[in-house]
Each structure stands twice: as structure tokens, then as C-alpha cells.
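Letter by letter, the chains look like this.
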Amino acid sequence: MRLLQLLLMRLAMMAITLFGAAVIVFVVIRIVPGNPIAMMLPPGATDEDIARLTAHYGLDKSIPEQFVVWLTGVLQGDFGTSISLRQPVMPLVLGRLPATLELSIFALVLAVIIGGAMALTGTRFRGGRTEAVIDVANGAGLSIPDFLWALVLILTLGVLYPVFHISGRISPSLDLPFTTQFYAFESILRLRFDLWWDLLKHMFMPALALAIPLAAIIGQLLKQSLKETMHLDYVVLARTKGYGENHVILFEALRNAVLPTLTLIGVQFTFLIGGTVIIERLFSYEGLGNMAIDAVINRDLPLIQGIVLVFALLFTVVNLVVDLTYALLNPRLRHA
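Residues numbered from 1 in each chain as written. Predicted model: local features only at pLDDT ≥ 70, side-chain atom pairs only at ≥ 80, totals over all residues. Heavy atoms only, no water.

Draft legend 1. Expanded view of the overall build of the chain. Broken down by element type, the chain carries 14 helices and zero strands. In sequence order, the chain lays out its α and β elements as α-α-α-α-α-α-α-α-α-α-α-α-α-α. Reported as C-alpha extents along the three principal axes, the dimensions of the chain are approximately 85 × 55 × 40 Å. A buried classification covers 43% of the 336 residues belonging to the chain. Within the chain, contacts between residues separated by at least 24 positions form 73% of all contacts whose residues are at least 6 apart in sequence. When the accessible surface of the chain is summed, it comes to about 17800 Å², and 69% of that surface belongs to carbon and sulfur atoms. Positive and negative side-chain charges in the chain, numbering 23 and 23 respectively, have mean positions lying 10 Å apart. (Helix = DSSP H or I, 4+ residues; strand = E, 2+ residues; numbered from the N terminus. Buried < 20%, exposed > 50% of the residue type's maximum accessible area, 1.4 Å probe, protein only. Contact = heavy atoms within 4.5 Å. Areas by Shrake-Rupley, 256 points an atom, 1.4 Å probe, with all protein chains shown as cover. Lys, Arg positive; Asp, Glu negative; His and termini not counted. Charge placed at Lys NZ, Arg CZ, Asp CG, Glu CD.)

As C-alpha cells, then:
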């Protein structure tokens, strides 16, 4: 009953959050100076041409009237037509969303591996020079933003030592037998490891740039949790039984210290998805973030609304999953 109440409450909050995000983005992008219709037409267009297209896209109505029309269409599955691309918004957004999700998931995996390794190593050699080096590395990861890491990676692993590709999602010369936009997952299912390796070489640097700050957060929190857990009674009891330090950390302390970190990972994953906007632009990665920047530059109001609404939906869904997972893993909440 407790989990059911939590689920219903979170679903209601999701609906309110999505509605609030829709209202805010709808109003803000319309009060910002600039005429998207004028940007579509050539310099010699007449006022009649501008007025005709303005009426076609419904921009001649008041903002509340436009919002009612748009929201009615959204509830029916129609998110409008892109002004710059002249295509329905939702197929455009859903076509780019898998690329962003694959990049975010790969970055999350890298962050967990790097941050977890740093935390375990710092705990194993706590109080020594190794822990001090890890603390300095964590500080650097936290203080340097992801786009600066991206520039460093481009210069080192893309230009100076060209190991990875610096732009695009996949090499255009390859045969692409995909039926979905989830290229990385589908290439594994099809056993096309040549395609998977090429995708990995394109995705590694942007994913690593996103992963480094998150890895520093994970490493710092998990190491602190482990150090606090190492003094608890059951850990001391494991030592008295003759278990080595590695066994105590991995099999006794880690399973209890990891719960706060799992919650943090879920929350930070939403910020990771939002951070793909700049990173995708730097690497010319064909994801939703790159499309969002183009939509803002072109003042493509329907496309901006669709992208923001999809991002808001992702954030709320991830937060819901995090809350439910925490409730399932925490015995006090599970049996409340």
C-alpha cells in the first residue's frame, strides 16, 4: 500500500510538472523578440506573405488561444509541424531521442565504472598518498565543466592522437541495416560488431566528457559512505573472522554503503541527459540536444516545445523510477 500510494502521488506530480513545463516554455519562447515566420521567408517577401504564413501556423492568435490549440493537439497526439523543417514535430523528436539516450546511458556506465573504481581504491588505501591523489582527481572532475573536458578530449584523442572520431554518430560509408534508431543496441543484437565498434569510436569522447564530472560525484560520495561503513559492528566482526580487507570492502561494506550512491546516480542521470545539449553540438552528434540548438537558432517554436516536453517527461520518469527503486531497496520504507 505504501508503494502504491507513492506511485499514485508521483504520477500526479508528474502530470503537474509536465503541465507547468509546457506553460512556461510556451509563454517564454513567444515573448522573446524575433519572428520565426520572417526567418523562413526570403528577403523579398511581402507583408502579405508573412501574414499568410503567420495565420497558417496560428501565430496571429493571442498566447492563451495558441496554448489551448496546441494543448488540444498534444492531447490528441499532434505536437504540430516544425517551422524550419516542415515536418511533424514528434517523429522528428523521436527520431533523435534514441541517439541521446544511448549516449547518456553509455556516459552513465562510464561514470559508474570510473567513480566506483576511484571510491574502492581510495577506501582500500585510505589515509595514504593514493587517497590524496584520488581526492585531487575528484576535485578536478568536479571543478571543470563537461564542455571543457570535451575540448580537451577533442584536442588530445581526436587531433593530437587521432584514436577516436570527433564528429558524427557513425561513419557514412558503412552499410546501415538498422530498423530502429537504437543503433548501438541493434548492432549487438544483429551481431554486427563492426558497426558497434564504429559507433563506440564516435560515442566514446562525448560520453567520457559527460561522465567525468558525474564520476567525480559518485567517487566522492561512495568513498565517504564506505569510510563511514568501515567502522560499523558487522564490518569489524568480518575482520575478526579473518576476512581480508578486499573481501570486507567488496562483500560487507559496499552493499550497505552503495544505497545513497544509487539514489544520487538516478538523480544525476537526469542532469546528464540535459547536459548532452552542448556536448552533442561540440561533437556534431546527431541527437536531440543538437536538434534543440538548431530549433532555438531558427526560432522553431513547435519543435522547441516538443523537445522541451520530451526532456521534461524523461526527467520525471527517471525521478519516478529512482523514488520507487529507493523505496524497494530501503527496508524501512518497504515495510512501512
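On we go from here.
Draft legend 2. Structural detail: the packing of aromatic side chains. Throughout the structure, instances matching the rule amount to eight aromatic pairs. Aromatic pair Phe19 and Phe67: ring centres 6.0 Å apart, planes at 75°, arrangement edge-to-face. Separated by 48 residues along the polypeptide, Phe19 in helix α1 (residues 2–31) and Phe67 in helix α4 (residues 63–75) bring together distant segments of the chain. Relative accessible area serves as the criterion here: at 45%, Phe19 is assigned to the partly exposed category. Among the residues examined, Phe67 registers a relative accessible area of 13% and is labelled buried. (Phe/Tyr/Trp six-rings, centres within 6.5 Å; stacked < 30°, edge-to-face > 60°.)

Draft legend 3. Highlighting the packing of helix α10 (residues 233–240) against helix α11 (residues 245–282). Running from amino to carboxyl end, α10 crosses α11 at an angle of 155°, the nearest separation of the two axes being 10 Å. Overall, the two elements α10 and α11 adopt an arrangement that is roughly antiparallel. Between α10 and α11 lies a crossing of right-handed hand. Note on element contacts: α11 touches α10 through Glu245, Val248, Glu252, Ala253 and Asn256, opposite Tyr234, Val235, Ala238 and Arg239. Within the contact of α10 with α11, the residues separate by chemical class into five nonpolar, one polar and three charged. (Axes fitted to C-alpha atoms, helices over the stretch in contact; angles between N-to-C directions. Parallel < 35°, antiparallel > 145°, perpendicular 65-115°, else oblique. Left-handed = near helix turned anticlockwise from the far one by under 90°. Nonpolar A, V, L, I, M, F, W, Y, C, P; charged D, E, K, R; others polar.)

Draft legend 4. Here's a closer look at α11. Look at α11: only 44 Å from first C-alpha to last across 38 residues, short of the 56 Å you get at 1.5 Å a residue. Roughly 60° is the biggest bend found in α11, and it falls at Leu254. Just downstream of α11 lies Ser284, where phi reads positive at about 50°. (Expected span 1.5 Å × (residues − 1). Bend = angle between axes of the 7 residues up to and from the residue.)

Draft legend 5. Region of interest: the nonpolar core. One finds Val93, Leu288, Leu303 and Ile307 to be the most contacted residues of the largest nonpolar core, which totals 66 residues. Here this core takes 15 residues from helix α9 (residues 193–229), the largest share from any one element. Sequence-distant contacts of Ile307, that is, excluding residues within four places in its chain, are made with Val93, Leu288, Met291, Ala292 and Ala295. Core analysis: the second largest hydrophobic core is formed by eleven residues, Ala119, Ala253, Leu254 and Ala257 among them. (Core = buried A, V, L, I, M, F, W, Y, C linked by side-chain atoms within 4.5 Å.)

Draft legend 6. Spatial organisation of a nonpolar patch on the surface. On the surface, Ile105, Val109, Ile113, Ile114, Phe182 and Phe185 cluster together to form a nonpolar patch covering roughly 480 Å² of accessible area. In terms of residue count, the dominant contributor to the nonpolar patch is helix α5 (residues 89–124) (four residues). When you line up the elements, Ile114 lands in helix α5. Its relative accessible area of 30% is what places Ile114 among the partly exposed residues. (Patch = residues over 30% accessible without salt bridge, like charges linked within 9 Å, V, L, I, M, F, W, Y side chains within 5 Å. Salt bridge = Lys/Arg side-chain N within 4 Å of Asp/Glu carboxyl O.)

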